[in-house]
Protein chains: 2
Amino acid sequence: MPASLAAVLGTLDPTSDRAVFRQIADHLRDAIEEGRLGENEQIPSETMLTEHYGVARMTVRHAIQVLQSEGLVLAEHGRGVFVRPRPPVRRLASDRFARRHRQQGKAAFIAEAEQAGSRPEVDSIVIREERPSRDISSRLGGIRKVVARHRRYLLDGQPVEAAVSYIPLDIATGTPMAETDTGPGGIYARLEETGHALDHFDEEVRARMPMPDETRALRLAPGVPVFHLVRTAYDTSGRAVEVCDTIMAADAYVLAYNLPAR
Amino acid sequence: MPASLAAVLGTLDPTSDRAVFRQIADHLRDAIEEGRLGENEQIPSETMLTEHYGVARMTVRHAIQVLQSEGLVLAEHGRGVFVRPRPPVRRLASDRFARRHRQQGKAAFIAEAEQAGSRPEVDSIVIREERPSRDISSRLGGIRKVVARHRRYLLDGQPVEAAVSYIPLDIATGTPMAETDTGPGGIYARLEETGHALDHFDEEVRARMPMPDETRALRLAPGVPVFHLVRTAYDTSGRAVEVCDTIMAADAYVLAYNLPAR
DNA sequence: CAGTGGTCTAGACCACTGC
DNA sequence: CAGTGGTCTAGACCACTGT
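If you're wondering where the values come from, they're calculated on a predicted model, not measured in any experiment. (Residues numbered from 1 in each chain as written. Chains lettered and ligands numbered in written order. Predicted model: local features only at pLDDT ≥ 70, side-chain atom pairs only at ≥ 80, totals over all residues. Heavy atoms only, no water.)

S.K.: Which residues make up the overall build of chain A, and what values do they have?
M.R.: Within chain A, the secondary structure is distributed over nine helices and ten strands. Its C-alpha atoms give chain A a radius of gyration of 24 Å, clearly above 18 Å, the size a compact globule of 262 residues would have. Dimensions along the principal axes, computed over C-alpha positions, put chain A at roughly 70 × 45 × 40 Å. Within chain A, the proportion of its 262 residues that are buried is 48%. (Helix = DSSP H or I, 4+ residues; strand = E, 2+ residues; numbered from the N terminus. Rg over C-alpha atoms; globule rule 2.2 N^0.38 Å. Buried < 20%, exposed > 50% of the residue type's maximum accessible area, 1.4 Å probe, protein only.)

S.K.: Pulling in residues and values, what's your account of the packing of helix H2 (residues 20-33) of chain A against helix H4 (residues 57-69) of chain A?
M.R.: Each pair of packed helices gets described by two things: the angle between the helix axes and the distance between those axes. All names here are of chain A. Contact geometry of H2 with H4 gives a least axis separation of 8 Å together with a crossing angle of 50 degrees. Classified by the angle their axes make, H2 and H4 are oblique. Between H2 and H4 lies a crossing of right-handed hand. Along its contact with H2, which presents Val20, Phe21, Ile24, Ala25, Leu28 and Arg29, the element H4 presents Thr59, His62, Ala63, Val66 and Leu67. (Axes fitted to C-alpha atoms, helices over the stretch in contact; angles between N-to-C directions. Parallel < 35°, antiparallel > 145°, perpendicular 65-115°, else oblique. Left-handed = near helix turned anticlockwise from the far one by under 90°. Contact = heavy atoms within 4.5 Å.)

S.K.: Now, about the interface of chain A and chain B: what can you tell me, with residues and values included?
M.R.: The interface of chain A with chain B comprises 43 residues on the first partner and 43 residues on the second. Looking only at chain A, the three residues that lose the most surface to chain B are Tyr257(A), Leu259(A) and Ala261(A), adding up to 19% of its buried area. At the junction of chain A and chain B, the tally comes to zero salt bridges. Scanning the region where chain A abuts chain B turns up six residue pairs in polar contact (both at pLDDT 80 or more). Listing elements by their share of the side of chain A that touches chain B, those giving two or more residues are H2, H4, strand S7 (198-208), strand S8 (226-235) and strand S10 (253-260) of chain A. Of all the elements, S7(A) adds the most residues to the side of chain A that touches chain B, at eleven residues. Looking at the side of chain A that touches chain B, its residues break down into 21 nonpolar, seven polar and 15 charged. The pairing of S10(A) with strand S7 (residues 198-208) of chain B spans six bridges and is classified as antiparallel. (Buried area = accessible area lost by both parts, 1.4 Å probe. Salt bridge = Lys/Arg side-chain N within 4 Å of Asp/Glu carboxyl O. Polar contact = N/O pair within 3.5 Å; in protein donor to acceptor, adjacent residues only side chain to side chain. Nonpolar A, V, L, I, M, F, W, Y, C, P; charged D, E, K, R; others polar. Pairing = 2+ DSSP bridges.)

S.K.: With reference to specific residues and values, describe the protein's contact with DNA strand C.
M.R.: In the region of DNA strand C, 25 residues are neighbours, and Val20(A), Ala56(A), Thr59(A), Arg79(A) and Arg57(B) sit closest. Of all DNA strand C atoms lying within 4 Å of any protein atom, the proportion belonging to sugar or phosphate reaches 67%. Within the side chain of His77(A), one N or O atom sits 2.9 Å away from a base nitrogen of DNA strand C. Classifying every residue of the surface near DNA strand C by side-chain character gives nine nonpolar, eight polar and eight charged. (Near = heavy atom within 4 Å.)

S.K.: Please give an account of the protein's contact with DNA strand D that cites residues and values.
M.R.: Taken together, 25 residues lie around DNA strand D, and Arg57(A), Val20(B), Ala56(B), Thr59(B) and His77(B) are the ones closest in. The sugar-phosphate backbone supplies 67% of the atoms of DNA strand D found within 4 Å of the protein. Residue Phe21(B) places a main-chain N or O atom 3.2 Å away from a phosphate oxygen belonging to DNA strand D. A distance of 2.6 Å separates a phosphate oxygen of DNA strand D from a polar atom in the side chain of Thr59(B).

S.K.: How would you summarise the side chain of Thr182(A) if you had to cite specific residues and measurements?
M.R.: Residues and elements named next belong to chain A. Relative to the assigned elements, Thr182 resides in the loop between helix H7 (169-172) and helix H8 (186-193). Note on Thr182: relative accessible area 11%, which makes it buried. Those residues in contact with Thr182 that lie beyond four places of it in its chain are Arg149, Pro176, Met177, Ile187 and Arg190.

S.K.: Tell me about the pairing of strand S1 (residues 73-76) of chain A, and name the residues and values.
M.R.: Residue and element names in this part refer to chain A. Strand direction decides the pairing type here: S1 and strand S2 (residues 80-83), joined by four bridges, are antiparallel. Bridge assignment links Val73 to a residue of S2, and that residue is Val83. Hairpin connection, S1 to S2: the antiparallel pair is bridged by three residues, and Gly78 has positive phi, about 85 degrees.

S.K.: Could you give me a rundown of the packing of H4(A) against helix H4 (residues 57-69) of chain B, with the residues and numbers involved?
M.R.: For the pair H4(A) and H4(B), the least separation of the axes is 12 Å and the interaxial angle reads 15 degrees. When the interaxial angle is binned, H4(A) and H4(B) end up roughly parallel. The two elements H4(A) and H4(B) meet at a crossing, and its hand is right-handed. In this structure, H4(A) uses Met58(A), His62(A), Gln65(A) and Ser69(A) to contact H4(B), whose residues at the interface are Met58(B), His62(B), Gln65(B) and Ser69(B). When grouped by side-chain class, the residues that make up the contact of H4(A) with H4(B) number two nonpolar, six polar and no charged.

S.K.: Outline the packing of aromatic side chains, supporting the account with residue identities and numerical values.
M.R.: Residue and element names in this part refer to chain A. Evaluation of the coordinates by the stated rule reveals nine aromatic pairs over all chains. Here the aromatic rings of Phe109 and Tyr153 are separated by 4.4 Å at their centres, their planes lie at 40 degrees, and the arrangement is tilted. In this pair, Phe109 sits in helix H5 (residues 108-115) while Tyr153 sits in strand S5 (residues 146-155), placing the two residues 44 residues apart along the sequence. In this pair, the class of Phe109 matches that of Tyr153, namely buried. (Phe/Tyr/Trp six-rings, centres within 6.5 Å; stacked < 30°, edge-to-face > 60°.)

S.K.: Let's hear about the sheet that holds S8(A): which residues, and what values?
M.R.: Read across the sheet, eight strands follow the order S4(A)-S5(A)-S6(A)-S9(A)-S8(A)-S7(A)-S10(B)-S3(B) without closing on themselves; strand pairing throughout is mixed. Each edge of the sheet is formed by a strand with only one pairing partner; in this case those strands are strand S4 (120-130) of chain A together with strand S3 (90-92) of chain B. Ignoring which end each strand starts from, the neighbouring axes of this sheet average 20 degrees apart. When strand S6 (residues 158-168) of chain A meets strand S9 (residues 240-249) of chain A, the two strands line up antiparallel, connected through six bridges. Across the sheet, Ala163(A) pairs through a bridge with Thr246(A), a residue of S9(A).

S.K.: Explain the pattern of salt bridges residue by residue, including any values.
M.R.: Residue and element names in this part refer to chain B. Counting across every chain of the model gives 40 salt bridges over all chains. Ionic pairing is found between Arg18 and Asp26, a salt bridge with its closest N-O pair at 2.6 Å. On the accessibility criterion, Asp26 (16% relative accessible area) is buried. Glu203 is paired through a salt bridge with Arg231; the nearest N and O atoms lie 3.6 Å apart. Taken together, the positions of Glu203 in strand S7 and Arg231 in strand S8 (residues 226-235) put the pair 28 residues apart, joining distant regions of the chain.

Quick look at the structure:
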């Protein structure tokens, strides 16, 4: 941390209409964006800030809370408040479910992670029969019973993605799709073996702030939104054969798509 | 608002480890999610909540602030705090820039909005020569000068999208692409007329919390993330002929894409 | 005008971290 | 142990809304 707070942060403008806590938040935000406070660096403590600005501690805390909800800093109890590093980003390409990527015999996530030199894991696997929600049911053509495959994906021990796949009961029953281990190539390989050659996927993307359970499952920092993906797989007969509902930490992903001009 | 606060919210659990402001936030969140507090309904005032729970006003405000940063409620100075309605959502399909949609002679945004019965507007139009950022430059093949087209899109008076298009100077100069009015079909129609028949687009999607200037430009409520789209247009010779950088209120959009299975 | 939320103070006690 | 952030109180004054 630099010696002079005034050099990093400046001073309050008493003639300004802008609330004091917003001015302090602005100073800190500017310092972060211009690199005067670098990634993982500790920002001045609440005590130092109250003394520097001559305000009450609650005012300083309010300013820091603004930055937390913007996802710029992370408070660690007993240690300090730190500038959040930009996490390594995974790029998801729109051809990631193409057949040629399945032929090595690995599921998309595992193959891609190993390629990138990370250690992939899948945990919290729960497979069970369920009655799907109205939304999922209508995407699968009005079906009433499905096999639901819940799981969580981790990279180097960090959870990055939580997903649920829904497969019509008549398709999944008696196949590895209803077992924990789906075998080489994952469920898309099994679908193709059982007479459901895949034609295309429809993918819907939303972004929002996480619910509290999602914050826990993905160990999300405050101020990080989530991507909510709903992907439907269609076979060559036009039947919807799987819906995958995925929540991802938005700061860890870039989604890349190819759009036709014709 | 119902007569009994206890029926809507319940009471504190003094044996719980959970902080009081979190318990209050949980009660309000549950009431919203289960419909005991409906869309646009006013939640109990700070005064009522302090009396009901027997806590200091700052504790109640802290709870409400949590809900604000989750995007669930909206505080209106002097009026009250209200349950945020889910705004009408625009669905952006991955074929939205297909040539056939351009042949009516309208730009994609205008045509689509009128189709949906909304009143579209485009304002804040600024067209000027710029030196592109490193990122934009490299997407356009290392070019040093571009025509930048800044504009903001509104539906029924509400800003929904702010975008900047970058076009290499040699392509745009002397054409309507460098003017305010690009003519029927927009810049993509002009590109095709000037020997740059379009082949495909690459689109990258990110989501994050907005910067303060984006909050202003899109009149974003607290707790609403933004989509950040960067779309590159390629002509049939493989040259990148335009990059469009767009910020959108994430609660107003669903992005829909088609992924190949081959 | 009464009622609402917005800002700010000056304390208190607690829990966690690292030396 | 000293220093950090986390929670909470009990006030104060202000600005905005609607009657």
